[in-house]
Amino acid sequence: MYPLISVIVPVYNVEKYLKQCLDSIINQTYKNLQIILIDDGSSDKSGIICDDYQQKDNRIEVIHKTNSGVAAARNQGVLMAKGDYIAFVDSDDFIEKDMYEILLATMDNDKIDMAVSTINRIERNGKNRVQSKLFEKDRILDKFEFMEIFIKNESGYLVNKLYKKNILKDVIFPDGKYFEDLVTMLQLITNSEKISYVNKPLYNYRKNAESITGVFLESPKKIFDRYSEAERGWRLLKDNYSKNISDNFIVWQCQSMLLIYEKIYDKQEYRDVKNFLFGKILNLEKIFMNSSFISNSKKLKCYTLLHCFWFYKVILKWEKFFKKRKL
């Protein structure tokens, strides 16, 4: 018996990479696939490429729609999915030929609802780097163990995983928001009983931004969405997990906010963003300052930012000075 896997691929203006992506899916060693391509109003040749591949492979279904974002495309794909298992692939990435065969083989236990692989991250310079490596060996974890690791290891990718369809019931990707994966992943982990981890890079992720701060500063909305979603995720964790897990999650988010603030503290054009971040950090000050895994130097930055701004600026200037000296 070979259960059906529904592979959902939102497509938008990726003609440069799309063929490599689709070839990696149709050439999987595991053949019982439903491949759902959601062309989200592409203005390049992506839609034509999707139609060409549909003619070649009867497992492919193509939907052309007006542009409404990756979340809406994923939601539509989930509604179309006929498989007992669901996977997601971003259309500028590609997967190893045995990804689904390997992941599915680890899910033979009825209690395992999700399988996770490591990621091969392709940097802008063409170099590869294995990311999201959580352990040295394959493991099976319950959702509490996995959540604790998930929030500390930047393993928040939706795409390097295989899911039982039932855990996506009532899960909706938030439409019109950036970083829509964040709370969705927290929900999917919460809906799982056990999760299998495969210590092998089966998903190839193309990094198209220079840094996390670079991504955020392209658009203030990305910052507002990211940390509004983080707050929503924190509430979900507080309702379902220990205080230690929920606090660790929001501390990591606060640390990220401090990093972004540091990049823009002297830039007037980001005044609204700075006010937004300042308010969020102030609300989380007590949890952040009481955290055992945050260094004293980062706590000092947080405290001076909130209560002694002139000293905060001195710290940053000294850091910049010594960094130049090292170079």
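Residues numbered from 1 in each chain as written. Predicted model: local features only at pLDDT ≥ 70, side-chain atom pairs only at ≥ 80, totals over all residues. Heavy atoms only, no water.

1. Brief notes about the overall build of the chain
Looking only at helices and strands, one finds 13 helices and 10 strands in the chain. What you see for the chain is a C-alpha radius of gyration of 21 Å, in line with the 20 Å of a compact globule of 327 residues. Long-range contacts, defined here as pairs at least 24 residues apart, represent 76% of the contacts in the chain between residues at least 6 apart. Computing the positive centroid from 52 side-chain charges and the negative centroid from 44, the chain places the two 7 Å apart. (Helix = DSSP H or I, 4+ residues; strand = E, 2+ residues; numbered from the N terminus. Rg over C-alpha atoms; globule rule 2.2 N^0.38 Å. Contact = heavy atoms within 4.5 Å. Lys, Arg positive; Asp, Glu negative; His and termini not counted. Charge placed at Lys NZ, Arg CZ, Asp CG, Glu CD.)

2. Some remarks on the environment of Val314
Relative to the elements of secondary structure, Val314 occurs in helix H13 (residues 309-326). Put simply, Val314 and Ile260 are 54 residues apart on the chain and 17 Å apart in space, counted from C-alpha to C-alpha.

3. Considerations on a nonpolar patch on the surface
Taken together, Leu300, Trp310 and Phe311 make up a surface patch of nonpolar side chains, about 330 Å² in accessible area. Turning to its location among the elements, Phe311 is positioned in helix H13. (Patch = residues over 30% accessible without salt bridge, like charges linked within 9 Å, V, L, I, M, F, W, Y side chains within 5 Å. Areas by Shrake-Rupley, 256 points an atom, 1.4 Å probe, with all protein chains shown as cover. Salt bridge = Lys/Arg side-chain N within 4 Å of Asp/Glu carboxyl O.)

4. Re the pairing of strand S9 (residues 161-164)
Covered by surrounding structure in S9 are Lys161 and Tyr163 together with Leu162 and Lys164, the residues of both alternating faces. The pairing of strand S4 (residues 85-88) with S9 spans two bridges and is antiparallel. Bridge pairing links Tyr85 to Lys164 in S9. (Buried < 20%, exposed > 50% of the residue type's maximum accessible area, 1.4 Å probe, protein only. Pairing = 2+ DSSP bridges.)

5. Considering the pattern of salt bridges
With the rule as written, the count across this model stands at 12 salt bridges. A salt bridge links Asp57 to Arg59; the shortest N-O distance between them is 2.9 Å. In terms of burial, Asp57 and Arg59 fall into one category: buried. One connected set of salt bridges, linked through shared partners, spans Arg74, Asp90 and Asp181.

6. Description of the packing of helix H1 (residues 18-26) against helix H2 (residues 46-56)
Two quantities define a packed helix pair, namely the angle between the axes and the distance from one axis to the other. Two numbers describe how H1 lies on H2: the axes approach to 10 Å, and their chain directions differ by 25°. If you check the angle between H1 and H2, you find them roughly parallel. Considering the relative orientation of H1 and H2, their crossing is right-handed. Each of Leu18, Lys19, Leu22, Asp23 and Ile26 in H1 lies in contact with H2, whose residues at this interface are Ser46, Ile49, Cys50 and Tyr53. (Axes fitted to C-alpha atoms, helices over the stretch in contact; angles between N-to-C directions. Parallel < 35°, antiparallel > 145°, perpendicular 65-115°, else oblique. Left-handed = near helix turned anticlockwise from the far one by under 90°.)

7. With respect to helix H9 (residues 243-264)
With 22 residues, H9 extends 32 Å from end C-alpha to end C-alpha; this agrees with the ideal 32 Å at 1.5 Å per step. For H9, the tally of buried residues reaches 16 of 22 residues, placing the bulk of the element in the interior. (Expected span 1.5 Å × (residues − 1).)

8. Considerations on unusual backbone geometry
Non-glycine residue Asn13 carries a positive phi angle of around 50°. Relative to the elements of secondary structure, Asn13 occurs in the loop between strand S1 (5-11) and H1. Residue classification places Asn13 among the partly exposed residues on the basis of a relative accessible area of 29%. A positive phi angle is found at Asp170, which is not glycine, with a value near 70°.

9. With respect to the nonpolar core
Ranked by size, the top nonpolar core spans 100 residues in total, and within it Ile5, Phe88, Tyr100 and Leu162 carry the most contacts. The element that contributes the greatest number of residues to this core is H9, accounting for 10 residues. Apart from residues no more than four positions distant in its own chain, Ile5 is found in contact with Tyr30, Asn32, Leu33, Gln34, Tyr85, Ala87, Tyr100, Leu104 and Leu162. (Core = buried A, V, L, I, M, F, W, Y, C linked by side-chain atoms within 4.5 Å.)

10. Focus: the pairing of strand S3 (residues 60-65)
Bridge analysis of strand S2 (residues 33-40) against S3 gives six bridges, and the strand direction is parallel. Along S3, the bridge assignment pairs Asp40 with Lys65. On the question of chirality, the crossover connecting S2 to the parallel S3 by way of H2 is right-handed. (Right-handed = clockwise from strand over helix to strand, strands pointing away.)

11. Things to note about the side chain of Lys164
Locating Lys164 in the fold gives a position in strand S9. An unpaired buried charge is present at Lys164: no salt bridge exists, and Asp113, the closest side chain of opposite charge, is 4.1 Å distant. Engagement of the side chain of Lys164 in a polar contact is seen with the backbone oxygen of Ile112, the distance being 3.1 Å. (Polar contact = N/O pair within 3.5 Å; in protein donor to acceptor, adjacent residues only side chain to side chain.)

12. Details of the packing of aromatic side chains
Per the stated rule, a full pass over the model turns up 13 aromatic pairs. Taken together, a centroid distance of 4.8 Å and an interplanar angle of 75° make the contact between Phe224 and Phe276 edge-to-face. Here Phe224 is found in helix H8 (residues 220-240), whereas its partner Phe276 is found in helix H10 (residues 271-283), with 52 residues between them in sequence. Ring pairs connect the aromatic residues Tyr261, Tyr265, Phe309 and Tyr312, which therefore count as one cluster. A cation over an aromatic ring shows up here: Arg74 above the ring of Phe173, its NZ or CZ 5.6 Å from the ring centre. (Phe/Tyr/Trp six-rings, centres within 6.5 Å; stacked < 30°, edge-to-face > 60°. Lys NZ or Arg CZ within 6 Å of the ring centre and 35° of its normal.)

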